[in-house]
Amino acid sequence: MKTNLIVVYYFGGRRRPIEKEELNPLFCLESQVKYLLKYKHELDQITFVVNGDIPDGYYEAIKPLEEKYNTVTINRENIGLSYGGFAEAASKYIEEFDFFIFLEDDWVFCHDNFDQYLSEKFKKNKNTSMVCAVSSERDIESEKAHGKHASVSIYCSSKIKIKELIKKHGCFPYSPQGYALGQTHQTSSFFEIGKVFDITDDFFVRFLDVRGEQSWGNSKNKELVKQLDFID
C-alpha cells in the first residue's frame, strides 16, 4: 500500500500565535522536517502544500528531507485554508496512492511507524471511512453542536473512500468559508460513507486553542501526534 502524507502550511498570521514561530517564521516547517527525520516511517511521499507565499529559506529547510524521502511542494492560493489544501493535494494524487494522511503544520508525528499504526487501525474494521485523532463523538459537549466531525484536524483515509466522496459530492469537499466550517464540512462527510474511529483508545491526545488545553485518552499513554506548543 502506497501512502502519502499531506501537510498544509501557511506562513501568514494565525488565529492563535505560536510563540516560537513569532521568533522564527520557519519554526513549524523546521520542526516538521526534524520529526519526520527522527521517527521511523515508510511514507512513499511527503507532500507539503503551501497556502500563499513561499517564504525565503523554505527550500533550504526541506532539503534534508528531500535527500532522504520523496518530497514534493504544492503552492496554491489560501482558499479553504488547510482543508482546501488537503482536498487539492489528495485530488491531484488520488490515482497514485492508496492511503492519505492529513496533518496541519503546527502538529508533528512523534512515534515510530505512525503510518503503519494508522493504516492498520483503518483496516481493522469493515467499512472504515476515516481514522482521526479525536472524533466529535468523544469530544467535549460544546463541540457536539457542530455535529459529527474530526474535532482535532488530523486524520487519514483511503483512496477508495476519498473517491467515494468525490463521486458523491462532485469533488473532495471543503468550504472556502471560515476555519471551523471548513473543518466540519470536510471531515463530517466521512461519517456519511462509513465508520469513523479515533486513536484515543491507544494514545493520549492534547490540544491547545483559544479555550485553553484540552485532552483525551489516558494521560499515561504515549502520544502519536503532538501539537508544537507541547514539544520541548
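All of these numbers come straight from a predicted model, not from anything done at the bench. (Residues numbered from 1 in each chain as written. Predicted model: local features only at pLDDT ≥ 70, side-chain atom pairs only at ≥ 80, totals over all residues. Heavy atoms only, no water.)

Caption draft 1: Spatial organisation of the overall build of the protein. When its secondary structure is counted, the protein shows eight helices and eleven strands. The 232 residues of the protein split such that 55% are buried. The contacts of the protein with a sequence gap of at least 6 include a subset with a gap of at least 24, amounting to 71%. (Helix = DSSP H or I, 4+ residues; strand = E, 2+ residues; numbered from the N terminus. Buried < 20%, exposed > 50% of the residue type's maximum accessible area, 1.4 Å probe, protein only. Contact = heavy atoms within 4.5 Å.)

Caption draft 2: Quick look at the nonpolar core. Ranked by internal contacts, the top residues of the largest apolar core, which has 46 residues, are Phe48, Phe109, Leu118 and Ile199. If one sorts the elements of this core by residue count, helix α2 (residues 27-38) sits on top with six residues. Setting aside residues no more than four positions away along its own chain, Leu118 makes contact with Phe99, Ile101, Phe109, Val131, Cys156, Ile199 and Leu224. (Core = buried A, V, L, I, M, F, W, Y, C linked by side-chain atoms within 4.5 Å.)

Caption draft 3: Looking closely at the pattern of salt bridges. Scanning the model with the defined rule gives eight salt bridges in all. A salt bridge links Glu88 to Arg76, with the nearest nitrogen and oxygen atoms 2.8 Å apart. Taken together, the residues span a long stretch of sequence, with Glu88 in helix α4 (residues 81-92) and Arg76 in strand β3 (residues 71-76) at a distance of twelve residues. Classification of Glu88 by relative accessible area gives partly exposed; the value is 36%. The exposure class assigned to Arg76 is buried, which follows from its relative accessible area of 10%. Each of Glu95, Lys159 and Lys163 takes part in salt bridges that share partners, so that together they form one network. (Salt bridge = Lys/Arg side-chain N within 4 Å of Asp/Glu carboxyl O.)

Caption draft 4: Local environment of the side chain of Ser189. The topology assignment puts Ser189 in the loop between α8 (179-188) and β8 (195-198). Taking the relative accessible area as the measure of exposure, Ser189 reaches 1% and is therefore buried.

Caption draft 5: Fine view of the packing of α2 against helix α3 (residues 58-66). Where α2 meets α3, the axes come as close as 9 Å, and the angle between the chain directions of the two elements is 5 degrees. By the angle between their directions, the pair α2 and α3 is classed as roughly parallel. Contact residues: α2 offers Leu29, Glu30, Val33, Leu36 and Leu37, while α3 offers Tyr58, Ala61, Ile62, Pro64 and Leu65. Counted by class, the contact of α2 with α3 contains nine nonpolar, no polar and one charged residues. (Axes fitted to C-alpha atoms, helices over the stretch in contact; angles between N-to-C directions. Parallel < 35°, antiparallel > 145°, perpendicular 65-115°, else oblique. Nonpolar A, V, L, I, M, F, W, Y, C, P; charged D, E, K, R; others polar.)

What is shown is where atoms sit, not what they do.
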